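An overview of the molecular structure
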Amino acid sequence: MIYDVAVLGFGPTGATLGNLLAAQGVSVLVVDREAAMYHLPRAVHFDDEVMRVFQTVGIADDLLEKVRVNPGMKFVDNDDTLLLDWPRPQEITPHGWNASYRLHQPDLEKLLRDKLASEASANIQTGFDVTALGQTERCVTLSGHMQDGTPKSYQARYVVGCDGANSVTRSEIGGGMDDLGFEERWLVVDLLLKRPRPDLGDHSIQFCNPDRPMTYCRSPGERRRWEITVKEGESDADMTDPARVWQLLSRWITPEDADLERRAVYTFRSQVAKTWRRGRMLIAGDAAHLTPPFMGQGMCTGIRDAANLAWKLIACLNGADDRLLDTYQSERAPHARAYVETAMRLGGLINSLDRAAALKLADPHGAGATQMRSIAPTLGPSPITNSRQNDHLGRPFAQFDLDCSHRRFDDFVGYNHAVISAAQPRKMLPGARWIDAGKHPAIARALSDLNVGAAWVRPDRYLGAMSPHPDGLFDAVLPYFDA
Ligand SMILES: Cc1cc2nc3c(=O)[nH]c(=O)nc-3n(C[C@H](O)[C@H](O)[C@H](O)COP(=O)(O)OP(=O)(O)OC[C@H]3O[C@@H](n4cnc5c(N)ncnc54)[C@H](O)[C@@H]3O)c2cc1C
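Residues numbered from 1 in each chain as written. Predicted model: local features only at pLDDT ≥ 70, side-chain atom pairs only at ≥ 80, totals over all residues.

With that out of the way, let us pick up the overall build of the protein. For the protein, the helix and strand inventory stands at 13 helices and 25 strands. On C-alpha atoms alone, the protein measures out to a radius of gyration of 23 Å, which is about the 23 Å that the 2.2 N^0.38 rule sets for 483 residues. Classification of the 483 residues of the protein by burial places 47% in the buried group. For the protein, restricting intrachain contacts to residue pairs at least 6 apart in sequence, the fraction spanning at least 24 positions comes to 68%. (Helix = DSSP H or I, 4+ residues; strand = E, 2+ residues; numbered from the N terminus. Rg over C-alpha atoms; globule rule 2.2 N^0.38 Å. Buried ≥ 20, exposed ≤ 12 C-beta atoms within 10 Å, placed from the backbone. Contact = placed C-beta atoms within 7 Å.)

Before going further, it helps to spend a moment on the site of the ligand. Lining the immediate environment of the ligand, one finds 34 residues, of which Gly9, Gly11, Gly164, Gly285 and Gly298 sit closest. Looking at the shell around the ligand, the elements with two or more residues in it are α1 (12-22), β2 (28-32), β3 (45-47), β9 (128-135) and α8 (298-317). For the shell around the ligand, the element with the highest residue contribution is α8, accounting for 4 residues. Class assignment for the residues of the shell around the ligand results in 16 nonpolar, 11 polar and 7 charged. (Near = placed C-beta within 6 Å. Nonpolar A, V, L, I, M, F, W, Y, C, P; charged D, E, K, R; others polar.)

This part takes up helix α2 (residues 48-57). For α2, a buried count of 10 out of 10 residues is recorded, marking the element as mostly surrounded by other parts of the structure. By the burial criterion, the buried members of α2 are Asp48, Glu49, Val50, Met51, Arg52, Val53, Phe54, Gln55, Thr56 and Val57. Note on α2: the residue one or two positions beyond its end, Gly58, has a positive phi of about 100°.

This next bit is on the sheet that holds strand β5 (residues 72-76). Read from one edge to the other, the open sheet built from 8 strands follows the order β6-β5-β13-β14-β15-β12-β16-β19, with strand pairing classed as mixed. In the strand order of this sheet, the two ends are held by β6 (82-87) and β19 (289-290), each with one partner. Inspection of the sheet shows β5 paired to β6 by 5 bridges, in the antiparallel sense. Each bridged residue has a counterpart across the sheet, and for Phe75 the counterpart in β6 is Leu84. Across the sheet, helix α7 (residues 242-249) lies against β12 (177-193), β15 (223-229) and β16 (258-273), angled at about 80° from β16, the strand it touches most. (Pairing = 2+ DSSP bridges. Axes fitted to C-alpha atoms, helices over the stretch in contact; angles between N-to-C directions.)

Locating Ala22 in the fold gives a position in helix α1. Of the residues examined, Ala22 has 26 C-beta atoms within 10 Å and is grouped as buried. Spatially, the C-alpha atom of Ala22 lies 6.3 Å from that of Glu119, the residues being 97 residues apart in sequence. Residues contacting Ala22, with those up to four places away along its chain left out, are Val28, Leu116, Glu119, Ser121 and Ala122.

Let's shift gears to the sheet that holds strand β25 (residues 463-467). Here 4 strands make up an open sheet; going across it, the order is β23-β22-β24-β25 and the pairing mixed. The open sheet has two edge strands, β23 (433-436) and β25, and neither has a second partner. If you compare each strand with its neighbour and ignore which way they point, the axes differ by 20° on average. Bridge count for strand β22 (residues 418-421) against strand β24 (residues 454-457) is 4 bridges, and the pairing is antiparallel. Note that in β24 the partner of Ser421 across the bridge is Ala454.

Locating Val28 in the fold gives a position in strand β2. Owing to 30 C-beta atoms within 10 Å, Val28 belongs among the buried residues under this scheme. Along the sequence, Val28 and Ala117 sit 89 residues apart, while their C-alpha atoms lie 11 Å from each other. Each residue touching Val28, except ones within four places of it in the same chain, is listed here: Tyr3, Asp4, Val5, Val7, Gly18, Leu21, Ala22, Ser121 and Ala122.

At a closest axis distance of 9 Å, the pairing of α1 and α8 adopts a crossing angle of 30°. Judged by the inter-axis angle, α1 sits roughly parallel to α8. Regarding α1 and α8, the two cross each other, and that crossing is right-handed. Where α1 abuts α8, its residues Pro12, Thr13, Thr16, Leu17, Leu20 and Leu21 lie against Met299, Gly302, Ile303, Asp305, Ala306, Ala307, Leu309, Ala310, Leu313 and Ile314. For the contact of α1 with α8, the residue count by class is 12 nonpolar, 3 polar and 1 charged. (Parallel < 35°, antiparallel > 145°, perpendicular 65-115°, else oblique. Left-handed = near helix turned anticlockwise from the far one by under 90°.)

What follows is the structure, given as structure tokens:
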């Protein structure tokens, strides 16, 4: 059997991509070398745009019960003087969700895995270590072995490597990584409180102590996290020794208050892959980009990759010109890079002795202000969505409530294209939904704000094109579909 798509790696990126594909009836195989889910926490934060993708996957309501709305992050110096405040709005944003959530990554991964297991066209193969990929004109073969050493192979028309930092798919594609220059070791300590400690606060705090920068994260439930810089000459073994960990945390917490859930030293890097696609092989998530975690955007960036890529793969499986897949890197790589570079700037502030310079670096548009705003980069330009043309293209379209159906925009549209216009379009992309602005005042207002008669909202919810009339809307993308 040749699967439509094989997803290599069952982390959050692969699980999200697998779900988006399987929900559209694509025969998808998701493989991972581990027999069970990685149970230790990594990501503790995600944002409203990413929650919107989880809404499309169908897990947002269940996830909402497991997460906390995040009030924001504060950067303080050694004397706890506030250097920079990064508050997160508490009201619902244009995406239709809260701006920022705190999570326990295994809670999310379990929901994603359970959802995928319920999809008829999805197959999951755990315990399969892929060692090589071979590509022909027709398909890609994944070869490797099961945990008992038995050789195994699968074939698929496309393979997406969501196989993390040491991606074998990236090596097979070639091209290497662009190194943006950040490399630091940090000790990550997760604790489970034994008794309430409201005094620790609900904000995340960056302790910008140049001698030893640290981060405090308020995770959901009883979980709390500290991330601590590891200095040159300090070994992983010394730093993870429980006595040493408690000594480093003694200013805030003691073994009377909490149990150590885990401690591990990670090397944080800032890298973006140079080549995201070769023929039928592509990469997404940590396989394509690595960021220091100071913005909590590593996993989020991979989820955005999945939302951008899945509809393009579906189109190509249905006969679209596969050069459509080249728009994936041109749109996603600059977007991912904007997050990596901002995270590096924040890292600079956390580490820096020169406060004024660091503040300016952390928020170059803030003109010395001590309040930081979240960034919202635009997709890189591509032949289908030329984000350079105006300020709206290549940016997410807001999630409105549709007045007549009392449904939210994304629930109504599903993971499909949408055309919003008062005049009925004569030509549509396959599977597209038309939303009649004449029936939905909120949509009519949105068009009027954009000063256009029609707009194309892509399945990833980014504004793809605008035009005075719906007939001009697909001029750039239709040649790919009519191939
Ligand atoms: C301490 C820390 C804090 C973080 N905090 C945040 C945060 O707050 N917010 C955020 O958004 N991100 C955060 N991140 C980043 C986030 O955890 C990662 O970006 C995310 O897990 C990447 O997901 P992924 O699916 O791309 O890759 P991974 O989660 O690494 O999954 C890759 C999968 O591929 C499998 N695999 C690899 N090679 C093979 C092979 N050859 N054969 C078979 N299977 C294979 C692996 O077993 C693994 O399951 C943090 C990371 C760390 C370390």
